[in-house]
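Structural features, examined
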Amino acid sequence: MEETKGLIIVHTGDGKGKTTAALGLALRAWGDGLKILILQFIKGSWKYGEIEAIRKLNEIDGRIELKRLGKGFQRQTKDKVEHIEAAQEALKEAEKAFESNNYDLIILDEINYAVKFDLISAAAVKALLEKRPAYLHVVLTGRDAREEIVELADLVTEMRLVKHPYQKGIRAQKGIEF
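Here is a short report on the structure shown in this document. Keep in mind the model is a prediction, meaning the values are calculated, not measured.

If you trace the backbone, T141 turns up in strand β5 (residues 137-141). Each residue touching T141, except ones within four places of it in the same chain, is listed here: H11, K18, T19, A22, L108, D109, E110, I111 and N112.

Written out as structure tokens, the structure is:
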């Protein structure tokens, strides 16, 4: 049997679709019998369609989990401590998941934002990636992926904004953008 080589995958850029692409990959992995963990570093308590879909898939066989660990998008500097603590806890959760050997794919959703906003360091993310088991696939999403993370990655996709309905004053559409 061929040995599995875990890949480090980065979805970055200013265009839409980074998390959506990662979740599509999770769906493919689930369909092929892999066990998946999705850790959200930024998204807080907002309701998204994918949360319900993942919950229902997990009810089938327990092979796909989503943990919402962030406090939402940081809008004020006064609450930065709370966001830093949440991101640090999410990083610890990722480390425990890496060490558990319970997953085939771990998605670190919006971890690049957590680094960009100085909630966690790029060095800490790099150290985490360097400790991952050889078989484990890891996806990192979010704009402005740091160069040292890009260098470690096996696959990097940059989503580029060409046109967005918001530019025409069209609000985000439920089921399409959230």
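Additional details are given in the paragraphs that follow.
With the rule as written, the count across this model stands at one aromatic pair. Measuring from centroid to centroid gives 6.0 Å for Y113 and F117, while their planes differ by 15°, and the two rings are stacked. We classify Y113 as buried; its relative accessible area is 12%. We classify F117 as partly exposed; its relative accessible area is 30%.

Burial analysis of β5 places five of its five residues in the buried class, the great majority of the element. Where burial is concerned, the two faces of β5 agree: the one with H137, V139 and T141 and the one with V138 and L140 are both buried. Here four bridges tie strand β1 (residues 8-12) to β5, and the two strands are oriented parallel to one another. In the strand pairing of β5, H11 is matched with T141.

Secondary-structure assignment places T19 in helix α1 (residues 18-31). A distance of 2.5 Å separates a polar atom in the side chain of T19 from a polar atom in the side chain of D109. Sequence-distant contacts of T19, defined by excluding residues within four places in its chain, comprise K43, D109, E110 and T141.

Attention shifts here to the nonpolar core. Formed by 31 residues in total, the largest nonpolar core has its most connected members in F41, I106, L108, I111, I120, V125 and L140. Here the element with the most residues in this core is helix α3 (residues 80-100); it accounts for six residues. What V125 contacts, discounting residues up to four positions off in sequence, is I111, V115, I120, L140 and I149. In terms of nonpolar packing, the next biggest core, distinct from the first, is built from 14 residues, I9, L23, I38 and L57 among them.

Attention now moves to the layout of surface pockets. In this structure, the largest pocket encloses a volume near 1,000 Å³. What lines the largest pocket is a set of 30 residues, among which K16, G17, K43, E110 and E177 lie closest to the centre. Taken together, the elements giving at least two residues each to the lining of the largest pocket come down to α1 and α2 (49-61). The element that contributes the greatest number of residues to the lining of the largest pocket is α1, accounting for five residues.

What counts and how
Residues numbered from 1 in each chain as written. Predicted model: local features only at pLDDT ≥ 70, side-chain atom pairs only at ≥ 80, totals over all residues. Heavy atoms only, no water. Helix = DSSP H or I, 4+ residues; strand = E, 2+ residues; numbered from the N terminus. Contact = heavy atoms within 4.5 Å. Phe/Tyr/Trp six-rings, centres within 6.5 Å; stacked < 30°, edge-to-face > 60°. Buried < 20%, exposed > 50% of the residue type's maximum accessible area, 1.4 Å probe, protein only. Pairing = 2+ DSSP bridges. Polar contact = N/O pair within 3.5 Å; in protein donor to acceptor, adjacent residues only side chain to side chain. Core = buried A, V, L, I, M, F, W, Y, C linked by side-chain atoms within 4.5 Å. 1 Å grid on protein atoms, 1.4 Å probe; cavity = no way out; pocket = protein on both sides within 12 Å on 5 of 7 lines; lining within 4 Å. Points joined across faces, edges and corners; volume = space filled by probe spheres on them.

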